[in-house]
Amino acid sequence: MKKITCGIIILAAMAATRVSAAEPRLPSFLPAYYAPAFRSGGKALNLISQGETNGVTQYVYSTADKDLALSVENILGDKPKCDAVLNNILGHLDQIITSNKGSFVEITTTEACAEVALTNAAQTIMTFMLPSSVHIWTFSRNPADREPLTADFKTIRGWANRQRYEEALQAGNVSMGHWQKCIHDYAKVLLESGRKDDALIVLKNLLATAPFDYKAHLELMENTPDATSASNSAKAVFKNAETRDQITKAASFLGVESRTIELLTPLSTNEAGLQVILIPLPPCNSWLLDESAKVFERIIEVPVKIRRLNEVWLWGTPERIFRQRDIQGILVRLTKENIEFTNWSNDRYINTLNDAVKSEDALSRYWVRDLAEQVKKEPGQYFVDPYLDRLCTTLKSYRSKDNRTMYVAITEANIYSGDNNYVFSLGRTDQESPASIMSYYMMLGSTLHETYDSRQRLVERIAKELVPASLKQLGIPRSTDPTCPYSYSSGVDRLDQKTLMLSDEVKEALNKLRDPTTGSSVP
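What counts, and where the lines are drawn
Residues numbered from 1 in each chain as written. Predicted model: local features only at pLDDT ≥ 70, side-chain atom pairs only at ≥ 80, totals over all residues. Heavy atoms only, no water. Core = buried A, V, L, I, M, F, W, Y, C linked by side-chain atoms within 4.5 Å. Buried < 20%, exposed > 50% of the residue type's maximum accessible area, 1.4 Å probe, protein only. Helix = DSSP H or I, 4+ residues; strand = E, 2+ residues; numbered from the N terminus. Contact = heavy atoms within 4.5 Å. 1 Å grid on protein atoms, 1.4 Å probe; cavity = no way out; pocket = protein on both sides within 12 Å on 5 of 7 lines; lining within 4 Å. Points joined across faces, edges and corners; volume = space filled by probe spheres on them. Nonpolar A, V, L, I, M, F, W, Y, C, P; charged D, E, K, R; others polar. Pairing = 2+ DSSP bridges. Axes fitted to C-alpha atoms, helices over the stretch in contact; angles between N-to-C directions.

Peer 1: Run through the nonpolar core, naming residues and quoting values.
Peer 2: Within the largest apolar cluster, 43 residues are counted, with the highest numbers of intra-cluster contacts made by I300, M438, Y440, I462 and L510. Broken down by secondary-structure element, the contributors of at least two residues to this core are strand 11 (275-280), helix 9 (287-300), strand 12 (304-306), strand 14 (405-411), helix 14 (455-471), helix 15 (492-497) and helix 16 (504-514). At eight residues, the largest contribution of residues to this core is made by helix 14. With residues near it in sequence (within four places) discarded, I300 still touches V276, V467, L502, L510 and R514. Of all hydrophobic cores here, the second largest spans 40 residues; its members include I96, I97, M129 and Y165.

Here you go:
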């Protein structure tokens, strides 16, 4: 095998102080638990040189036969500086990979891994941001060695997460909160390796500063021998989580009977009076129904009943793939063509994306590849109009002559109408069978990539959007008060701006319909 040297430096040329190769020691900025990284295939990586230039500390290592070299660099700084360093490294690697060969393996807000193929060396470059520094690991090997070292990225990231935890714990609550995800990942590694007691300590410290981490609560609940702690975590999840699986796990632990759509009272005929019939359409998180209905009922001061359809409700094939509008825009920009996307399949979108980005820079190729993987996993979007027609037709046999009774179907399915990116709801106001379908998919914390999930926030969003989904059936004019829940919402920001209080003119219009003698006098 051809020997290689370790003179490849990513950030800058550095003046190095020669050190005896027989002096194997870790960089001063790495704790002892990183030691296994300095052996490869049974061979020790011996320290060759170390130095510091312009605030960058570097340690250079090599195996005795020079088959593998390693450069480990450390840059100190606060969070803004570390963010800038990581971005600069990504830009620098993008240029190197684009000019040579290679690819980005993984990129997050706190780390990156890339494979670079140079003329005289194959490199695996790993970058880890920590609370007050950035570490850059550069493994260099013979270009004929086709075995990448990306598996080591996961291992070293585990140690980096431990170091992040230790430094954040020392720094205090703000730092612990900022590094919440990495700390949680460290706790999961401890659990997987059987170090339950150590994991429980990390989870307890994490939850003290990130009480919204419901996955961590469930892990504590499932692993702690402390019945009180387990119960408290289960209660936190049961009260605050948004996702059905998490709530159901907590409910099971607490002995709370599971809630499913099938257990709901079926829809009955001849419902009459000023009221709202709320109908869940799968997929729908049944745990959200009662809470949302109660808040909604407080807003409009009209009775709300939850009923299930007797008929089986099925969605067909989504008319749009995940983020279809964004992907179409990307393809038009990349191909510089006016593309007709009618009847395109998921595979065609993915294949065309991959083909279109081949000649682009390495970062663009990575992000497009990442987007293509999301398309494969995430649910598509349904053109809601024909489903609303079906709902209205189904409800005809149930309706009474009192058209003050409003019917709103609620679902987690992602819906759109016309040329919109999405809609919260769509309704029919014809007198024969008015009804609406409302989706809360675009209200979920996970959909919006919000810092944390909040059941209270989600329930209030649902309740506020149920107002127009129902009251439009009564022919009440939209409110022009932006704080009124019956005012128009162009998106989640507007939805959050609205309060839980109807404007005076909407209250007055509703009051006119409360009189039972008005019968079916909806305009």
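Peer 1: Tell me what's going on with unusual backbone geometry, and back it up with residues and numbers.
Peer 2: Geometrically, the link from P282 to P283 is a cis peptide bond, its omega value of 0° lying close to zero. Of note, N270 is a non-glycine position whose phi angle comes to about 60°, a positive value. Summarising the element assignment, N270 is placed in the loop between helix 8 (244-254) and strand 11. You will see that K336, though not glycine, has its phi angle at about 55°, which is positive. In this fold, K336 is placed in the loop between helix 10 (324-335) and helix 11 (346-356).

Peer 1: Describe the environment of I339, with residues and values.
Peer 2: Position of I339 among the secondary structure elements: in the loop between helix 10 and helix 11. Given a relative accessible area of 17%, I339 falls into the buried group. Expressed as a C-alpha distance, the spacing of I339 and V116, which sit 223 residues apart in the sequence, is 34 Å. Aside from chain neighbours lying at most four places away, what touches I339 is L331, V332 and W344.

Peer 1: Report on the layout of surface pockets, specifying residues and quantitative values.
Peer 2: Computed from the structure, the second largest pocket encloses a volume of approximately 390 Å³. Looking at the lining of the second largest pocket, the elements that each hand over two or more residues are strand 16 (425-428), strand 17 (435-439) and helix 14. Here the element with the most residues in the lining of the second largest pocket is strand 16; it accounts for four residues. Tallied by class, the residues present in the lining of the second largest pocket amount to eight nonpolar, 11 polar and four charged.

Peer 1: Give a detailed account of the sheet that holds strand 16, specifying residues and quantitative values.
Peer 2: A sheet is described by the order of its strands in space; here five strands give the open sequence 12-11-14-17-16, paired in mixed fashion. With one partner strand each, in any of the chains shown, strand 12 and strand 16 form the two edges of the open sheet. In this sheet, neighbouring strand axes are inclined to one another by 20° on average, regardless of whether the strands run parallel or antiparallel. In this sheet, strand 14 lies alongside strand 11 in parallel orientation, the contact comprising six bridges. What sits directly across from V276, in strand 14, is M406. Lying over the sheet, helix 13 (residues 385-395) contacts strand 11, strand 14, strand 16 and strand 17, oriented at roughly 135° with respect to strand 17. Strands strand 11, strand 14, strand 16 and strand 17 of the sheet are contacted by helix 14, whose axis makes an angle of about 135° with strand 14.

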